[in-house]
Amino acid sequence: MVNLCGENGVNDEDKTLSSQSSPAPGRKNDPIGLKQRIFDSALAEFAESGLMGARMENIASNANTTKRMVVYHYKTKEALYMLVLEHVYRGIRQHELDLDLSSFPPAEAIVKLVEASFDFHVSHPEFIRIVSTENMLRGRFIRQSTSIREINKTALTLLEDILARGKQSHLFKEDAQARDVHRLISSLCVHQVANQYTFGALFENPDEVDLQTAHYRQLAVMVALRYVMK
């Protein structure tokens, strides 16, 4: 059994709670900030080690708190992982909504969506790692979530609007489907991050990473356009 008491039999959580209830001079009691630090630490831990490899002790240590406080705020590692999974999906969907693509002509909207999606994946590798973890778990937690499917509806409704406008203007193929376009864009964006080390070691010049990234970004745009355009 893990010893939760420190020297003189004082419980570590009691010491933490005591320091929070009576903050030292110049130190502000900030339970909301602590909860956010724990969450941020958990995201990094799950991205690095997956669900099975992640340790609550590491999450606590990197958040500068105790394991008991992590449990107090989030109950279990699995519950915390579920919240992280929902968070990363919410982030990319909100990023897409913020583009306000309905205000752009359909072909330009496709270009902006692909570019923004590519940039988001490159700048948020933790998103790919968390999603890869969930795929290794065969979608166990995503199927349990009551909100992830709802969160991700906009990925298709946004594209459906763009495609409908493009078809109405006789620019896009009539059989172009939102789910297929989303899958096409995702495949190129995900590959750029998920396979960067193996693909890079096998086929690319390590001194031209930025040029190659720019090339694949443009390739993703070109492929998407060729798929939807007449």
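Residues numbered from 1 in each chain as written. Predicted model: local features only at pLDDT ≥ 70, side-chain atom pairs only at ≥ 80, totals over all residues. Heavy atoms only, no water.

(A) A look at the UniProt feature "DNA-binding region" (unreviewed entry) in the chain. Per the UniProt record, "DNA-binding region" (unreviewed entry) is found at residues 55-74. As annotated, residues 55-74 has a helix share of 75% and a strand share of 0%, and its two end C-alpha atoms lie 14 Å apart. (UniProt positions renumbered as here; feature names shortened; annotations may be inferred. Helix = DSSP H or I, 4+ residues; strand = E, 2+ residues; numbered from the N terminus.)

(B) Geometry of the environment of Glu48. Assignment of secondary structure puts Glu48 in helix H2 (residues 31-53). The sequence separation of Glu48 and Ile130 amounts to 82 residues, and the corresponding C-alpha distance is 8.7 Å.

(C) How the structure looks around H2. A rise of 1.5 Å per residue sets the reference length of H2, with its 23 residues, at 33 Å; its end C-alpha atoms lie only 27 Å apart and thus fall more than 12% short of the reference. Of all the bends in H2, the greatest, near 80°, is centred on Ala47. Taken as a whole, H2 has its buried residues at Gly33, Leu34, Ile38, Phe39, Ser41, Ala42, Leu43, Glu45, Phe46, Ala47, Gly50 and Leu51. (Expected span 1.5 Å × (residues − 1). Bend = angle between axes of the 7 residues up to and from the residue. Buried < 20%, exposed > 50% of the residue type's maximum accessible area, 1.4 Å probe, protein only.)

(D) Region of the structure containing the layout of surface pockets. Estimated volume of the largest pocket: approximately 1,200 Å³. Along its surface, the largest pocket is lined by 33 residues, and Tyr89, Arg93, Ile142, Asn152 and His182 are the ones closest to its centre. Taken together, the elements giving at least two residues each to the lining of the largest pocket come down to helix H5 (77-97), helix H6 (106-123), helix H7 (125-136), helix H8 (148-151), helix H9 (153-168) and helix H10 (178-194). Considering only residue class, the lining of the largest pocket consists of 14 nonpolar, nine polar and ten charged. Approximately 450 Å³ is the volume found for the second largest pocket. What lines the second largest pocket is a set of 21 residues, among which Gln192, Gln196, Glu204, Thr213 and Tyr216 lie closest to the centre. Elements with a contribution of two residues or more to the lining of the second largest pocket: H10, helix H11 (196-203) and helix H12 (209-228). The leading source of residues in the lining of the second largest pocket is H12, at six residues. Classifying every residue of the lining of the second largest pocket gives twelve nonpolar, eight polar and one charged. (1 Å grid on protein atoms, 1.4 Å probe; cavity = no way out; pocket = protein on both sides within 12 Å on 5 of 7 lines; lining within 4 Å. Points joined across faces, edges and corners; volume = space filled by probe spheres on them. Nonpolar A, V, L, I, M, F, W, Y, C, P; charged D, E, K, R; others polar.)

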